[in-house]
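Observations on chain architecture
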Protein chains: 2
Amino acid sequence: MVRKTKEDALATRNLLLDAASRVFSEGGVGHTTLNDIAAEAGLTRGAVYWHFQNKSDLINALWERVALPMQQALDQIRSEFAHDVLAMTRAKSRWVLRQVVHDESTRQFMSILLLRCEFVAELASARDYMLAQRDQCIGQLADEFALAITRGQLPDTVRAQGAAISLLALMDGLCMHWLLNPQAFDLEQVGGVALDAYLDGLAIPR
Amino acid sequence: MVRKTKEDALATRNLLLDAASRVFSEGGVGHTTLNDIAAEAGLTRGAVYWHFQNKSDLINALWERVALPMQQALDQIRSEFAHDVLAMTRAKSRWVLRQVVHDESTRQFMSILLLRCEFVAELASARDYMLAQRDQCIGQLADEFALAITRGQLPDTVRAQGAAISLLALMDGLCMHWLLNPQAFDLEQVGGVALDAYLDGLAIPR
DNA sequence: AAATTTACATACATCCTTGTATGTATGTCA
DNA sequence: TGACATACATACAAGGATGTATGTAAATTT
């Protein structure tokens, strides 16, 4: 097979991204060659270099493809819980845990992000993109906490920004340890309990 | 200079480990070559291959050199707080945060572990060693939580193992995010607050 | 003091990996 | 129905990185 229609070409591009996600999540970003990716997709490096400038460009594309839907899903949850911000925060966190456990592409993405990617100079643009996503996520959480404080759901001694960072840290840490050994514990159960403990602990007046 | 005494050779070995720690924490494990390490130490690959079988072997040595003193320091803290297990857990956690912020080698180690290392097949033995260390750490924390439950410091609805995993996850997540951007927040301050919130949240009867 | 070992440095062969250049068959458009 | 552009595959050149083999000067042993 050679020349394809535009839809076929887009499908090929997604095929490559799927393959990259799989191979990266197994072999690590730095240890994976473009040939590995192409072979996993049943193609050659010619296809990779046609659709992407290089490995770094491919990684950027990979992250955009995952980050956008994830952000949209979280926005959807935000809109559903506008009346109760703490419930919103809880729902978002639980959704992430559920996705990591049950959705393979999300799991692969988190695995790459947390365990299979060295954030080095070569991937500077990908790193910056990821940091921007993180800051946006923290900003949203901080807004939620700030709103919870003004609504009296949390004491005004709580620092919204710090609380947001810590929540994200807890989530990432839980995902990281679960991905290191998924049969070690139930991520949704243990994570849910930890989430409740942390948020309820924040609510204690100090 | 060529031939050294045995003490000199041991110093050279440590020089190489120091250099590896530095270069790994900057350039990532997978992207760093043995020549990079040797050059950073002012030596050649000949020295590296004399003291270590290969890169994987070097990494194992690196981790053993850091993990042992860290475990000993934590044991020291454990012995000091035998009368109050929850205070012990708090003290251990705060000590880790303090070390990461103020001790460069600890910071480099955590940076490598959390951000600059792809846990792939090539590093299987290092991965296993690290997982064993982690399990031991979780086991200790779980024992502490279990003791706190029997002493009535925590309600018996708390699952010691899950609580331990979550605490370690929180610590690792905090360190990871701080290392990603150290000027974003004060690790000791924010981490301390998060730690208190989580542990106090665990203590709430459910 | 000679022999041997140690602790490296240097040199070499091999194997990727990347980037690019070129080939090629097929859509697409005039 | 050419002519051109597209979507790849294939081929090629260059630079590393690894592992090993060899060289070597000082330390240690005998």
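Each remark here, short or long, concerns the structure printed above.
A brief structural summary. From a predicted model like this one, the values you see are computed outputs, not experimental measurements.

**Quick word on the interface of chain A and chain B**
With 43 residues of chain A at the interface, the matching set in chain B holds 43 residues. Of the roughly 3600 Å² buried at the junction of chain A and chain B (both faces included), carbon and sulfur atoms supply 62%. Run the count over chain A and chain B and you get two salt bridges. A salt bridge links R206 of chain B to D200 of chain A; its shortest N-O distance comes to 2.9 Å.

**With respect to the pattern of salt bridges**
Counted by the stated rule, this structure contains 20 salt bridges over all chains. A salt bridge links R22 of chain A to E40 of chain A, with the nearest nitrogen and oxygen atoms 2.5 Å apart. One end of the pair, R22 of chain A, is in helix 1 (residues 6-27); the other, E40 of chain A, is in helix 2 (residues 34-40), and 18 residues separate them in sequence. Under the relative-accessibility criterion, E40 of chain A is labelled partly exposed at 37%. Between R127 of chain B and D128 of chain B there is a salt bridge, and its shortest N-O distance comes to 3.8 Å. Take R127 of chain B: its relative accessible area is 24%, and that puts it in the partly exposed class. Look at D128 of chain B and you get partly exposed, because its relative accessible area is 45%. One network of salt bridges, in which partners are shared, links R90, R94, D196 and D200 of chain A together with R206 of chain B.

How each quantity is defined
- Residues numbered from 1 in each chain as written.
- Chains lettered and ligands numbered in written order.
- Predicted model: local features only at pLDDT ≥ 70, side-chain atom pairs only at ≥ 80, totals over all residues.
- Heavy atoms only, no water.
- Contact = heavy atoms within 4.5 Å.
- Buried area = accessible area lost by both parts, 1.4 Å probe.
- Salt bridge = Lys/Arg side-chain N within 4 Å of Asp/Glu carboxyl O.
- Helix = DSSP H or I, 4+ residues; strand = E, 2+ residues; numbered from the N terminus.
- Buried < 20%, exposed > 50% of the residue type's maximum accessible area, 1.4 Å probe, protein only.

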